[in-house]
Amino acid sequence: LAELLLAVSDRGLASSDARDAYFKAVGTIESDFELAETLIAIAKMGNVGTSSTAYLQAVRNIESDFETRRVLTALVKRATPDAPTMAGRPSAVRR
C-alpha cells in the first residue's frame, strides 16, 4: 500500500480534496515504520502544501515517538506547511 500511495503522490495531487483523501488513505497504514517512511517521502517531495492539516492527522496515527519525530523533522526540513494551519493547530500531533 505504501508503495502505491507514493507512486500516486509522485504524480501530483491536483485538488485539495484529492490531497486530503490521499492523506486519509496514508493514515490507514498500520505499520509505524511504513507510515513514517511514506510521510517522510511525501515531505521530501514537497507534496504537503495546503494539506498540512491532513498530513498532521496522518502523523497522529503513528504510535512510536521515534517515528513521529522522524516525520516531523522531515516536514520541517523539506516542506513548507501552511503557516495558518501550523499556527492554529499546535496540538495537531498530540495524542
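Residues numbered from 1 in each chain as written. Predicted model: local features only at pLDDT ≥ 70, side-chain atom pairs only at ≥ 80, totals over all residues. Heavy atoms only, no water.

A. Structural context of the overall build of the protein chain. When you go through the protein chain residue by residue, the secondary structure sums to six helices and zero strands. Taken from the N to the C terminus, the helices and strands of the protein chain come in the order α-α-α-α-α-α. Split into buried and exposed, the 95 residues of the protein chain put 36% on the buried side. Surface exposure of the protein chain reaches about 5,500 Å², of which carbon and sulfur atoms provide 52%. (Helix = DSSP H or I, 4+ residues; strand = E, 2+ residues; numbered from the N terminus. Buried < 20%, exposed > 50% of the residue type's maximum accessible area, 1.4 Å probe, protein only. Areas by Shrake-Rupley, 256 points an atom, 1.4 Å probe, with all protein chains shown as cover.)

B. Expanded view of the environment of Leu-39. Relative to the elements of secondary structure, Leu-39 occurs in helix H3 (residues 32-45). With relative accessibility at 0%, the residue Leu-39 sits in the buried group. Along the backbone, Leu-39 and Val-71 are 32 residues apart, and their C-alpha atoms lie at a distance of 6.4 Å. In this structure, Leu-39 is in contact with Phe-23, Val-26, Tyr-55, Ala-58, Val-59, Ile-62 and Val-71, ignoring residues within four places of it in sequence. (Contact = heavy atoms within 4.5 Å.)

C. Local environment of the nonpolar core. One finds Phe-23, Val-26, Leu-39, Ile-42, Tyr-55 and Val-71 to be the most contacted residues of the largest nonpolar core, which totals 20 residues. If one sorts the elements of this core by residue count, H3 sits on top with six residues. (Core = buried A, V, L, I, M, F, W, Y, C linked by side-chain atoms within 4.5 Å.)

D. Spotlight on the confidence of the model for the protein chain. Mean pLDDT over the protein chain stands at 75; residues scoring 70 or higher make up 61%. Ranking the elements of the protein chain by mean pLDDT puts helix H6 (residues 83-88) last with 53 and helix H5 (residues 65-78) first with 90. (pLDDT = per-residue confidence, 0-100.)

E. Examining the pattern of salt bridges more closely. Within the structure shown, the criterion is met by two salt bridges. The residue Glu-37 makes a salt bridge to Arg-70 at a minimum N-O spacing of 2.6 Å. You can see Glu-37 sitting in helix H3 and its partner Arg-70 sitting in helix H5, a full 33 residues away along the chain. Between Arg-70 and Glu-67 there is a salt bridge, with the nearest N and O atoms lying 2.7 Å from each other. Placement of the pair is Arg-70 and Glu-67 together in helix H5, with a separation of three residues, close to one helical turn. Taken together, the shared-partner salt bridges in this structure form one network comprising Glu-37, Glu-67 and Arg-70. (Salt bridge = Lys/Arg side-chain N within 4 Å of Asp/Glu carboxyl O.)

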